[in-house]
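Per-entry structural report
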Amino acid sequence: MASLTPPEFRARFPILARRTYVNSCSQGALSMDVDAAMRRFLDSWNAEGSSWEAWVGEVERLRATFATLIGADADEVAVLPSASVGINAIASSMAFDGLRRRVVMGKFEFPTMAQVWLAQRPRGAEVTWVDAVNGMLPTESYARTVDERTLIVPATHVCFRNGHKTDIAALAALCRHHGAYLFLDDYQCTGTGPIDVRALGVDLMVTGTVKYLLGPSGVAFLYVRRELVERLVPTMTGWFGRVNPFAFSIDRLDWSPSARRFESGTPMIPNVYGAQAGIELLDAVGLKTIERTVAELTAGLIAWASNAGVTVATPTDPTRRGPLVVLRSVDAPALVSRLAARGIIASCRDDGVRISFHGYNTQEDLDSVTAALEAESRMLRRAKVNQEQEARS
Ligand SMILES: Cc1ncc(COP(=O)(O)O)c(C=O)c1O
């Protein structure tokens, strides 16, 4: 795809002409390109009937495209239907029978990450939590818990609840020092700026297409550092984890020497078409450009909130936040509905309204959001009110 300027990129998303869309942390906006790609699958199904060779070829194309995006090789990437499947495949390949049986997790994990590891307790896993302090999860907090008993540290890059961004490179170094694996959940970050898994030093990573990768649901990726691939043997498997799925063997369990060993069933072809188009679109505008736009807009919203005295749940340090800004509300679901009535699509978790920016958002979007928030200011928590409440309690 030819390169695109930011206005050309924005023009690929029809919804942006009708709505102020600041909900990419839930679902990326639909582009004409992803729409056309998914129709191309239907056309191919309609025209050829069962083009499995070509369709499986599309999975390989997507594997290679994603690998390039994150600075990995294609044989270090599994293409999966959800992040949960990838986390389960990794958990199923771990033994919890020696001294090293601890799973250390911060309180900012997405539920699926926590739940998969909690489900390993009957297999011997010991789950240990790292608490957040004032909405932050510094490496020092992990350093008090990670030791030679730690097997793995699953860590979300950006927290879906408050937008905190963990220092993954520092955490990976800490894990390496103690001989533990670092398993990055990059779902709330991939697609918002350049990423290099080798420079970050992570052992494993999951992410998916639903949010900033601009694709449909039903595609996720698992990266496994090359040196680890053949050391990990999942018990969650299926025919697509074999050396050659089309050998149709029922009496041999061979393992693909690549990260394909973490795959299991028939690939989700329509979604693969959409996912490919989403990543190509990101590539056309450039991840550095997206990163710049996101940084400017998040900084603008935080500056507005602090001027207005609105309580911000997201760290104000720009290095410790991602594309998501969370503002505290007295009734977050009601505020989301009121914003929707004003043409602004946002979301909420707990008492926070989530405003997330992507490369297709503009200063005009930010102005619309702040104007609507000013009009609904009764619904926002204010720092002063909080202090008064604290003084009274
Ligand atoms: C941080 C994070 N991890 C994982 C997921 C979803 O994982 P799955 O693909 O298993 O639904 C989400 C979705 O909201 C998320 O925000």
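Residues numbered from 1 in each chain as written. Predicted model: local features only at pLDDT ≥ 70, side-chain atom pairs only at ≥ 80, totals over all residues. Heavy atoms only, no water.

This brings us to the pairing of strand 6 (residues 181-185). Among the 5 residues that make up strand 6, 5 are buried, leaving the element largely enclosed by the rest of the structure. As paired elements, strand 5 (residues 150-156) and strand 6 share 5 bridges and run parallel to each other. Bridging across to strand 6, Ala-155 finds its partner in Leu-184. Between the parallel elements strand 5 and strand 6, the chain passes through helix 7 (residues 168-178) in a crossover that is right-handed. (Buried < 20%, exposed > 50% of the residue type's maximum accessible area, 1.4 Å probe, protein only. Helix = DSSP H or I, 4+ residues; strand = E, 2+ residues; numbered from the N terminus. Pairing = 2+ DSSP bridges. Right-handed = clockwise from strand over helix to strand, strands pointing away.)

Turning our eyes to something else, we now look at the domain arrangement of the chain. The assigned domain composition of the chain is domain 1 (6-29 + 286-392) and domain 2 (35-282). Both faces combined, the contact of domain 1 with domain 2 buries some 2,300 Å², and carbon together with sulfur accounts for 58% of it. Considering only the side of domain 1, the residues that lose the most area to domain 2 are Leu-287, Arg-320 and Pro-323, jointly responsible for 26% of the buried surface there. Inspection of the domain 1/domain 2 interface yields 1 salt bridge. (Domains from an automatic or database assignment. Buried area = accessible area lost by both parts, 1.4 Å probe. Salt bridge = Lys/Arg side-chain N within 4 Å of Asp/Glu carboxyl O.)

Okay, the packing of helix 2 (residues 32-48) against helix 10 (residues 269-285) next. The N-to-C vectors of helix 2 and helix 10 enclose an angle of 150 degrees; their axes lie 8 Å apart at closest approach. Helix-helix and strand crossings are classified by hand; for helix 2 and helix 10 the assignment is right-handed. Within the contact between the two elements, helix 2 uses Asp-33, Val-34, Ala-37, Met-38, Arg-40, Phe-41 and Ser-44 and helix 10 uses Ile-269, Pro-270, Asn-271, Tyr-273, Gly-274, Ala-277, Gly-278 and Leu-281. When its residues are assigned to classes, the contact of helix 2 with helix 10 shows 9 nonpolar, 4 polar and 2 charged. (Axes fitted to C-alpha atoms, helices over the stretch in contact; angles between N-to-C directions. Left-handed = near helix turned anticlockwise from the far one by under 90°. Contact = heavy atoms within 4.5 Å. Nonpolar A, V, L, I, M, F, W, Y, C, P; charged D, E, K, R; others polar.)

Let us now look at the pattern of salt bridges. All chains considered together, the criterion is met by 23 salt bridges. Of the charged contacts in the structure, one is a salt bridge between Asp-351 and Arg-381, with a shortest N-O distance of 3.5 Å. Here Asp-351 is found in the loop between strand 11 (347-349) and strand 12 (352-356), whereas its partner Arg-381 is found in the loop between helix 13 (363-375) and helix 14 (383-392), with 30 residues between them in sequence. The class for Asp-351 is partly exposed, based on a relative accessible area of 24%. A network of salt bridges, in which partner residues are shared, links Asp-73, Asp-75, Glu-76, Arg-198 and Arg-226.

By nearness alone, every residue bordering the ligand is listed as Ser-82, Ala-83, Ser-84, Phe-110, Thr-156, Asp-185, Tyr-187, Gln-188 and Lys-211. Separating an oxygen atom of the ligand from a backbone N or O atom of Ala-83 is a distance of 2.8 Å. Lys-211 is positioned such that a nitrogen or oxygen atom in its side chain is 2.8 Å from an oxygen atom of the ligand. When the ligand is considered free in solution it has 400 Å² of accessible area, and contact with the protein chains removes 83% of it. Each residue belonging to the shell around the ligand can be placed in one class, and the counts come to 3 nonpolar, 4 polar and 2 charged. (Near = heavy atom within 4 Å. Polar contact = N/O pair within 3.5 Å; in protein donor to acceptor, adjacent residues only side chain to side chain. Areas by Shrake-Rupley, 256 points an atom, 1.4 Å probe, with all protein chains shown as cover.)

This brings us to the packing of aromatic side chains. The tally for this structure, following the rule as stated, stands at 15 aromatic pairs. Taken together, the ring pairs connect Phe-41, Trp-45, Trp-52, Trp-55 and Tyr-273 into an aromatic cluster. Above the face of the Tyr-187 ring, Lys-211 is positioned so that its terminal group lies 5.3 Å from the ring centre. Sitting over the face of the ring of Trp-255, Arg-242 holds its NZ or CZ atom 4.6 Å from the ring centroid. (Phe/Tyr/Trp six-rings, centres within 6.5 Å; stacked < 30°, edge-to-face > 60°. Lys NZ or Arg CZ within 6 Å of the ring centre and 35° of its normal.)

Turning next to helix 12 (residues 332-341). Among the residues of helix 12, those classed as buried are Ala-332, Leu-335, Val-336 and Leu-339. One face of helix 12 carries all of its buried residues, which in axial projection span an arc of 105 degrees. The secondary structure elements touched by the buried residues of helix 12 are strand 10 (344-345), strand 11, strand 12 and helix 13. Phi turns positive one or two residues past the end of helix 12, at Gly-343, with a value near 85 degrees. (Arc of directions from axis to C-beta.)

What follows is about the sheet that holds strand 11. Overall, antiparallel pairing links the 3 strands, which are arranged 9-12-11 in an open sheet. In this open sheet, the two strands that pair with only one neighbour each are strand 9 (324-328) and strand 11. Recorded for the sheet is a direction-independent mean angle of 35 degrees between the axes of neighbouring strands. Where strand 11 lies against strand 12, 3 bridges are found, and the strand directions are antiparallel. Of the residues in strand 12, the one forming a bridge with Cys-348 is Val-353. Against the sheet, helix 11 (residues 287-308) contacts strand 9 and strand 12, and its axis sits at roughly 15 degrees relative to strand 9. Where helix 12 meets the sheet, it contacts strand 11 and strand 12, and its direction lies at approximately 40 degrees from that of strand 12.

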